[in-house]
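# Architecture at a glance
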Number of protein chains: 2
Amino acid sequence: MKENIRADFTLPGESGYEQLTLDLARRWGADVIRDSDGTHLSPEILSAGYRVYSTICIIREHNAFAAAHPDAQQQTFLSSDPVIATSETLVIHPLDGYFTEQFELNDSPEALPYWQVWDRTANELLSRDEWTYSNGEVRIGHARPWHRYTVSFLCWRIWEEINMYNHTTNHWTSEHLRQLDPRHPEAWTYLCGWLRDWCVRNPDTDVVRLTSLFYNFVWIFGSDPRRRSRFVDWASYDFTVSPAALRAFEAEYGYALTAEDFIHMGKLQATHRPPTRHKLDYMDFIQRFVADRARQLVSIIHEYGKQAYVFYDDSWVGMEPYGKYFGTVGFDGLIKCVFSGFECRLCAGASVPVHELRFHPYLFPVGLGGLPTFMEGGHPEKDAMDYWLHVRRALARQCVDRIGLGGYLHLTQDFPAFVDTITEISDQFRSIKALHMAGAPAELPVTVGILTTWGSLRSWTLSGHFHETNTNVLIHVLEALSGLPVSVRFLSFEDLPRSLSGIQVLINAGAAGDAWSGGDAWKDPELSAAVTRFVHEGGSLIGFNEPSAVPGLDTNFALAHLFGIDLNTGDYACHLPWDLPVSNPPVSIPEDTLGHKTDLRVLSPDVEIWVSENGIPQMTRARFGKGQAIYLSGFHYSPQSARMLLDLIVLLTGVSPDTAGTADLSCVETAWYPASQTLLLMNNSDQAADTRVAWPAGHCTVHLAPFETCFLENPAPDA
Amino acid sequence: MKENIRADFTLPGESGYEQLTLDLARRWGADVIRDSDGTHLSPEILSAGYRVYSTICIIREHNAFAAAHPDAQQQTFLSSDPVIATSETLVIHPLDGYFTEQFELNDSPEALPYWQVWDRTANELLSRDEWTYSNGEVRIGHARPWHRYTVSFLCWRIWEEINMYNHTTNHWTSEHLRQLDPRHPEAWTYLCGWLRDWCVRNPDTDVVRLTSLFYNFVWIFGSDPRRRSRFVDWASYDFTVSPAALRAFEAEYGYALTAEDFIHMGKLQATHRPPTRHKLDYMDFIQRFVADRARQLVSIIHEYGKQAYVFYDDSWVGMEPYGKYFGTVGFDGLIKCVFSGFECRLCAGASVPVHELRFHPYLFPVGLGGLPTFMEGGHPEKDAMDYWLHVRRALARQCVDRIGLGGYLHLTQDFPAFVDTITEISDQFRSIKALHMAGAPAELPVTVGILTTWGSLRSWTLSGHFHETNTNVLIHVLEALSGLPVSVRFLSFEDLPRSLSGIQVLINAGAAGDAWSGGDAWKDPELSAAVTRFVHEGGSLIGFNEPSAVPGLDTNFALAHLFGIDLNTGDYACHLPWDLPVSNPPVSIPEDTLGHKTDLRVLSPDVEIWVSENGIPQMTRARFGKGQAIYLSGFHYSPQSARMLLDLIVLLTGVSPDTAGTADLSCVETAWYPASQTLLLMNNSDQAADTRVAWPAGHCTVHLAPFETCFLENPAPDA
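Quick caveat, the model's predicted, so the values are computed rather than measured.

So, on to the overall build of chain A. Along its length, chain A carries 17 helices and 34 strands. The C-alpha radius of gyration computed for chain A amounts to 27 Å, which stays within 12% of the reference 27 Å derived for 719 residues, consistent with globular compactness. The buried share among the 719 residues of chain A stands at 55%. Sequence-distant contacts in chain A: of pairs separated by 6 or more residues, those separated by 24 or more amount to 71%.

Contact residues are listed per partner, giving 50 residues for chain A and 50 residues for chain B. Sorting the residues of the side of chain A that touches chain B by element identifies strand E15 (229–233) and helix H15 (525–536) of chain A as the ones contributing at least two each. Sort the elements by how many residues they give to the side of chain A that touches chain B and H15 of chain A lands first, with six residues. The residue makeup of the side of chain A that touches chain B, split by class, is 20 nonpolar, 16 polar and 14 charged.

Once chain A is rotated about the relating axis by 180 degrees and shifted along it by 0.0 Å, it coincides with chain B to within an RMSD of 0.1 Å. The superposition operator between the copies reduces to a two-fold rotation axis. It is Pro551 of chain A whose C-alpha, among those of chain A, lies nearest the rotation axis, at 5.3 Å. When you check the interface residues of chain A against chain B, 100% turn up at the interface there too, and the contact is symmetric in its surfaces.

Turning to helix H1 (residues 18–28) of chain B, a few remarks are in order. Residues and elements named next belong to chain B. Along H1, the positions that sit buried rather than exposed are Thr21, Leu24, Ala25 and Trp28. Each buried residue of H1 sits inside an arc of 110 degrees when the element is viewed along its axis, so together they form one side. Tucked into the core, H1 has its buried residues touching strand E1 (9–12), strand E2 (32–34), helix H2 (43–46) and helix H12 (416–438). Following H1 by one or two positions, Gly29 has its phi on the positive side, about 70 degrees.

The next subject is the domain arrangement of chain A. Note: interface size is frequently given as the accessible area lost on complex formation between the parts. By the assigned domains, chain A splits into domain 1 (1–52 + 361–437), domain 2 (63–176 + 218–263), domain 3 (447–653) and domain 4 (658–713). For domain 2 of chain A and domain 3 of chain A, the distance between their C-alpha centres works out to 39 Å.

Next up on the list: the pairing of strand E4 (residues 75–79) of chain A. Residue and element names in this part refer to chain A. Within E4, five of the five residues are buried, leaving the element largely enclosed by the surrounding structure. Burial of the side chains of E4 extends over both faces: Gln75, Phe77 and Ser79 are buried on one face and Thr76 and Leu78 on the other. Of the pairings in the sheet, the one linking E4 to strand E12 (residues 148–157) comprises five bridges and is antiparallel in character. Residue pairing across strands places Leu78 opposite Phe153, the latter belonging to E12.

Once that is clear, we can look at the sheet that holds strand E6 (residues 90–92) of chain A. Residue and element names in this part refer to chain A. If you trace the three strands from one edge of the open sheet to the other, you get E6-E11-E10, paired in antiparallel fashion. Because the sheet does not close on itself, it has two edges, and the strands there are E6 and strand E10 (131–134). Going from strand to strand, the sheet's axes swing by 20 degrees on average, the running direction of each strand aside. Examined bridge by bridge, E6 and strand E11 (residues 137–140) share three bridges and lie antiparallel to one another. Across the sheet, Ile92 pairs through a bridge with Val138, a residue of E11.

Quick look at the confidence of the model for chain A now. Averaged over all residues, the pLDDT of chain A is 96; the fraction at 70 or higher stands at 99%. Taken together, the chains of this predicted complex give a pTM of 0.96 and an interface ipTM of 0.96.

The next point concerns unusual backbone geometry. Residues and elements named next belong to chain B. Residue Ser212 is bonded to the preceding Thr211 through a cis peptide linkage, with omega at -15 degrees. Here the bond from His360 into Pro361 is cis, since omega is 0 degrees, no more than 30 degrees from zero. Within the secondary structure, Pro361 sits in the loop between strand E18 (354–359) and helix H11 (380–397). In this model, Asn135 sits at a positive phi of 50 degrees, which is unusual for a non-glycine residue. Taking the number of C-beta atoms within 10 Å as the measure of exposure, Asn135 has 7 and is therefore exposed.

In terms of nonpolar packing, the biggest core is built from 233 residues, with Val310 and Val477 of chain B touching the most fellow members. When residues of this core are assigned to their parent elements, the largest contribution, ten residues, is made by helix H8 (residues 277–303) of chain B. Beyond its immediate chain neighbours, meaning those up to four positions away, Val310 of chain B contacts Leu210, Ser212, Met319, Phe331, Leu334 and Ile335 of chain B. Core analysis: the next-biggest nonpolar cluster, separate from the first, contains 231 residues, Met283, Val310, Ile450 and Ile507 of chain A among them.

In this section: the environment of Ala512 of chain B. Inspection of the secondary structure puts Ala512 of chain B in the loop between strand E22 (505–510) and helix H15 (525–536). On the basis of neighbour count, Ala512 of chain B is assigned to the buried category, with 21 C-beta atoms found within 10 Å. For Ala512 of chain B and Arg273 of chain B, which are 239 residues apart along the polypeptide, the C-alpha to C-alpha distance reads 10.0 Å. For Ala512 of chain B, the residues in contact, after removing those within four places along its chain, are Gly570 of chain A together with Ser517, Glu546, Ala549 and Leu567 of chain B.

All right, on to the pairing of strand E26 (residues 608–613) of chain A then. All names here are of chain A. The pairing of E26 with strand E27 (residues 616–624) spans five bridges and is antiparallel. Residue Glu608 lies in a different strand from E27, and its bridge partner there is Arg621. In this structure, the hairpin formed by E26 and E27 is closed by a connection of two residues, where Asn614 is found at a positive phi of approximately 50 degrees.

Moving on, we get to the packing of H11 of chain B against H12 of chain B. Residues and elements named next belong to chain B. Running from N to C, H11 and H12 cross one another at 5 degrees; their axes reach a closest spacing of 9 Å. With respect to H12, the element H11 is oriented roughly parallel. Mapping the contact onto sequence places Pro380, Glu381, Ala384, Met385, Trp388, Leu395 and Ala396 in H11 and Ala417, Phe418, Thr421, Ile422, Ile425, Phe429 and Ile432 in H12. A class-by-class count of the residues in the contact of H11 with H12 yields twelve nonpolar, one polar and one charged.

Another aspect to go through is the environment of Tyr304 of chain A. Following the sequence through the fold, Tyr304 of chain A ends up in the loop between helix H8 (277–303) and strand E16 (307–312). Spatially, the C-alpha atoms of Tyr304 of chain A and Pro445 of chain A are 46 Å apart, while their sequence positions differ by 141 residues.

Time to look at the environment of Arg623 of chain B. Mapped onto the elements, Arg623 of chain B comes out in strand E27 (residues 616–624). Considering only alpha carbons, one finds Arg623 of chain B and Gly564 of chain B, 59 residues apart in sequence, at a separation of 8.8 Å.

With that out of the way, let us pick up the sheet that holds strand E10 (residues 131–134) of chain B. All names here are of chain B. Spatial ordering of the open sheet is given by E6-E11-E10, a layout of three strands whose pairing is antiparallel. Of all the strands in the sheet, just strand E6 (90–92) and E10 have a single pairing partner and so form its edges. Pairwise comparison of adjacent strand axes, ignoring direction, gives a mean angle of 20 degrees for this sheet.

Residues and elements named next belong to chain B. Buried residues dominate helix H10 (residues 341–349), accounting for eight of its nine residues. Residues of H10 that are buried: Gly341, Phe342, Glu343, Cys344, Arg345, Leu346, Cys347 and Ala348. Packed against the buried residues of H10 are strand E17 (333–338), E18, H11 and helix H14 (473–481).

With that settled, consider the packing of helix H5 (residues 185–201) of chain A against H8 of chain A. The description of two helices packed together rests on the angle between their axes and the distance between the axes. All names here are of chain A. Contact geometry of H5 with H8 gives a least axis separation of 10 Å together with a crossing angle of 25 degrees. Judged by the inter-axis angle, H5 sits roughly parallel to H8. The element H5 and its partner H8 pack so that their crossing is right-handed. Contacts between H5 and H8 pair Cys192, Leu195, Arg196 and Cys199 from the former with Gln296, Leu297, Ile300 and Ile301 from the latter. In the contact of H5 with H8, the residues fall into six nonpolar, one polar and one charged.

Criteria and cut-off values
- Residues numbered from 1 in each chain as written.
- Chains lettered and ligands numbered in written order.
- Predicted model: local features only at pLDDT ≥ 70, side-chain atom pairs only at ≥ 80, totals over all residues.
- Helix = DSSP H or I, 4+ residues; strand = E, 2+ residues; numbered from the N terminus.
- Rg over C-alpha atoms; globule rule 2.2 N^0.38 Å.
- Buried ≥ 20, exposed ≤ 12 C-beta atoms within 10 Å, placed from the backbone.
- Contact = placed C-beta atoms within 7 Å.
- Nonpolar A, V, L, I, M, F, W, Y, C, P; charged D, E, K, R; others polar.
- Least-squares fit on C-alpha atoms with pLDDT ≥ 70 in both.
- Arc of directions from axis to C-beta.
- Domains from an automatic or database assignment.
- Pairing = 2+ DSSP bridges.
- Axes fitted to C-alpha atoms, helices over the stretch in contact; angles between N-to-C directions.
- pLDDT = per-residue confidence, 0-100.
- Core = buried A, V, L, I, M, F, W, Y, C linked by C-beta atoms within 7 Å.
- Parallel < 35°, antiparallel > 145°, perpendicular 65-115°, else oblique.
- Left-handed = near helix turned anticlockwise from the far one by under 90°.

Here you go:
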């Protein structure tokens, strides 16, 4: 094993394990040592000649201040569960069913005017004189019997959610940490002062690693252990709210938001659902606030000669790296924890000087969902390799500057295979980075446009990690695209038709009514007309699951006339189906890739049915003008299905795949770096592979070990 | 085999097969001989001492008159298939894609004002000056490119649909029969005169069997053999339309119907979908017209000393036996062809002197879907037994006066097993009828209410036969109920809350947005409140598939708060599920009875989950107040699932099943006739069964042969 160069790797150090820290720093080629939540770095480590990252969660660990200023804590709107009136008098205890260690009613005079009581049966807001509140009880004097009522209310969040998670899941027993709202003037002054002090007290720190900023993603706990976690949305803004925020919003926008703008009939405003205009306004309002406050923090950090990196996770709300204001903050680096390829691309594409990935697994006894990692029964080296296979193919497409780990370093001691795996991975990472530094990989002359409600704001993500969003077809599509040799652009409906210029393949992927397929946005006829024109003039359209689904038109997909396929919501009752043959698909379709939809209808006999299940089409092609539209009932990511997507793109656009390098086995992916004259081969399979690879100069046959990353410099084509 | 009495059986006679006719009349115990479409009765048959039915399809077989008065033919609205504008000029040929042997444009000056042109992309009606028509072409001069357009137009129906079906399916080659519109004044005068002549020319006829009246169910053929049948709706009114009807409607109702009232964005107004207010008005208008014209025909028939029976099939539109005006016509009998138990109940419950069933199979070489019946490969005796098993259990519940067959009698000659089976069946029928005549069977003190949009108008039917509507869960429920010892009432939403009085078990069964679950009717909060009160006060609710589904509320089932189950249309994104155990169901649930829904959500931890599939509940119980609500994701009829439904009713109401007779095997059904002190046992299985049966006096054990119908007179209970 060759000695690693010391570069581009961030190692979590651990006080008390100085020798281990320095040994692993050498083996993994670290140039930076960091602390983690629960560890710190000893003087011996700090003085070993490495750059130092120090982690700060700015709004947390100020319990004394929070105790003295309880009104500086963060808040949220909640809705009570519905209660059915069985007589004219109805009493509701708003917090029933919520975790009272997380929430406390905000019934202050400033908050109560924002409370609402709803007759949900009639979908009617009660006027303020129809109910009274005292001592934690809402009382409706003249309820309509047999209607169900809810109370929307403000409450304090009295337990920082990540700390709460660690207590409830990992059995932590330390003091519950509270969190401060940076909008609270005294809290903000305090936090800025605290940061200055911190900078003074930590002279060895080169990089302040902010983790992340102010507002946690929305995580609402319940009182019943059978549903401890009631609601989780990694991109929702509900935890930013407060009477002060609502007043500031009203002053600026000239209209007031109400509880219902957040509660939304009890469903809340989940990121997977199309936002209201009010929500979009509020998001912009919060994004500017977060950027402004973040800018002040960064400026303090810079004053002390340190750099400010932001770790994009947990309390990141309002700080979207592809948002309008991210660039104005002045971060020196963005660190993203990654399980998947799309997360790698999310980080790599952000406009910031340094892009760093924090790999998984985290050095912690248990991992996701409580499964063992660094403890008996754990196989962290397998986990690391599994995540690496997802990330590697994305790294091959776009350069990332650094990688690293986090957690308790001592836990690696009993897992030498993990140490070896990370050694290999970090070496491969540096080799791939070196290729990028010499020149970008060849790409097919194809730009894929992903059309969603959110557009570029949610570039390369839906909201959380893959495993949190994997019931949405789009995340599978993004994961596939993250390693394909094509350009990808994220378009919102508002960007059309202008943004279709330069797009060869347009994708709309989602379920009816969600933010990804678009929902009511498709009521705009010019949207459908723009896509129709795009296809007629030669563009390619790919729809997944329920693309462009919208109620109120003559078809349930607004683009049904292009796909030749419509959703059958029951309204085709009595209309008989076309009796059409199933033709041989021109691409290889791996098993378990498509959905199993039962509610589709073929509209035209000219539709080519490639896959059918119980007489219902699952994958089809239709032509219109010079263009084509392909429909897939679903898409489940695998290396093989990613290859199928590439094959489809090649089929639709007629480009030559060899330009970017290609292998005949679908488990093998390639990248061709013309500047380095290097062919990168990645075996995604746990089996050895003999594959024929082609690149612009020719083709040859290569043997790859399981999972192998192979760098062919100046490959010689077969005669 | 005992000699059958001669009663209550209608035999299709056939000229040329006089001996066979009389022989089978004797064996099957016929007292009536009829003709059929394609056969006639010879003098020898007519004079053999039997009563005689003669079949008339009043609007058909007047081609000479139709040729002389082409404007007396029937019409319909159709919509062209959508055509996408690729430039500003767009030409549409309205009939493209339709079967031109069935349809001919009605571009007369009286019809053209009813034509419409729609921009379906923008969902906008074009004004009359935006398009021109000539020579079969609609031309839009300033179309919006990339929008799709349709033309709604009137057309003549130039081929009577049943005749068209026989030509295209059974290769008939005779002249295409046309059909007259009784609304056309000259046609009506002609038809009345023709009927008088007919009565004079057919002195031997005792009963004129009208088959049925004027307007066929809607059956639209296409030009492409890959979708010959485009649309079939057994209860739609589209074929009743004409400019004359539209003018009369407007004069009476004070507002005009337009093409779009029929075309409905190209989906037409299928019976399975909730009707518009306009459609309900139009249906009432047509029902009164049909009843009025039918009354005139019956009165002519009575004048000539004959009786008028109506055969409920094919051109029955507007003549619903449970409609407001059926009773005013004065029919002497209702004949219903039956495959199923619900059809038997439909006939038995209608308010008319004589109820007669025409059994299947029809004596024809091919049967449903073109499968062999009375030809090589056919097993008509098995078909007959299969239908009999469905009908027998319904006959046991409610008295029917007569049974019979139809078709070409000579075809039975090669099928002696069929002759034996009918002998058995007709004998059993008469025995069951005799029990009813002595006194009704015991019934549990339970009234089941079926809550749908259509209410009593569609009592015991959705529209067509079982096999035409079997993707709707309600028809399975009705088939099950048709043989259960409970009262059944059909309630429309407009009947609530008044009609809930006296109901113990309320059923709502259908798919989201259909006429059976109710769709937008549930937007009325008082509907949900009425059912909520009903359950709280002790009523039982059973929901199937997507009961009370409606958009726009905080739950997707308006009754989700009662079921504790909601439909998840995606709007529960980020809301986590309850982690609840599956409990043992208190009733036995046969395999393949429930649905396989993937989009359900449990709302409360108090819901008992009886059946779950991949973590999604398929059958549950929730309690509210003194009542209960049971949810089933689907329901597939079988004798066993019918028993499950009975068990559920017993469980919910607490009644004692023995009151009405019960067997311990789910394949055996019972009926207890107190007046005759007779226990009727029906083995629904092809296996012999030893079962313990209980009735009010006690219980005993009985051995039943496969399919046996067993009459236990004065049964002796075991000690």
